[in-house]
Amino acid sequence: MIYAPYHHETTDNKRYVEEALKLWGDASPNRTAAAYDAAWVLVKALLNAKKMNRVELKESLNDLEKVTDGATGVITFDEKGNRNNLPGLLLEVEADIRHQKTGLKFVPLSENASP
């Protein structure tokens, strides 16, 4: 069992999952979802910046209140710039013969799982 901030079966952003599947054939890597979210925050800040320089970009990032299309869901920040509402879930290992390398995959922990 592991903790993960994202799983493609539980995200509200189905568009991200569809695009990831088209581009890479897989929408499951946590790091890919985190990188997508970081890039999307940067894009939003760049679009809102008054000028294209690092000072304005920093100000734009500080002013950014919400990004709604993250792979991990809605992204908001506290007054220190840390992410609020970071999602998380527990994943368990399940057999899946479609995964050629290991025959295993991570899936969200079943609500009926015993402790």
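So, how was this worked out
- Residues numbered from 1 in each chain as written.
- Predicted model: local features only at pLDDT ≥ 70, side-chain atom pairs only at ≥ 80, totals over all residues.
- Heavy atoms only, no water.
- Axes fitted to C-alpha atoms, helices over the stretch in contact; angles between N-to-C directions.
- Helix = DSSP H or I, 4+ residues; strand = E, 2+ residues; numbered from the N terminus.
- Parallel < 35°, antiparallel > 145°, perpendicular 65-115°, else oblique.
- Left-handed = near helix turned anticlockwise from the far one by under 90°.
- Contact = heavy atoms within 4.5 Å.
- Nonpolar A, V, L, I, M, F, W, Y, C, P; charged D, E, K, R; others polar.
- Core = buried A, V, L, I, M, F, W, Y, C linked by side-chain atoms within 4.5 Å.
- Buried < 20%, exposed > 50% of the residue type's maximum accessible area, 1.4 Å probe, protein only.

**Q** Honestly, the packing of helix 2 (residues 30-48) against helix 3 (residues 54-63) in this entry has me stumped. Any pointers?
**A** Any two packed helices are characterised by the angle at which their axes cross and by the distance between the axes. At their nearest, the axes of helix 2 and helix 3 sit 8 Å apart, and the two run at 115° to each other. Here helix 2 lies roughly perpendicular to helix 3, going by the angle between them. Here helix 2 and helix 3 pass one another in a crossing that is right-handed. Residues Val41, Leu42, Ala45, Leu46 and Asn48 of helix 2 lie in contact with helix 3, whose contacting residues are Leu57, Ser60 and Leu61. By residue class, the composition of the contact of helix 2 with helix 3 is six nonpolar, two polar and no charged.

**Q** Can you help me understand the nonpolar core in this one?
**A** Note on soluble globular proteins: their nonpolar side chains tend to be buried together. Residues Tyr6, Tyr16, Val17, Ala20, Ala27, Ala33 and Ala71 constitute the largest nonpolar core, which totals seven residues. Sort the elements by how many residues they give to this core and helix 1 (residues 14-24) lands first, with three residues.

Just geometry here; none of it tells us what the structure is for.
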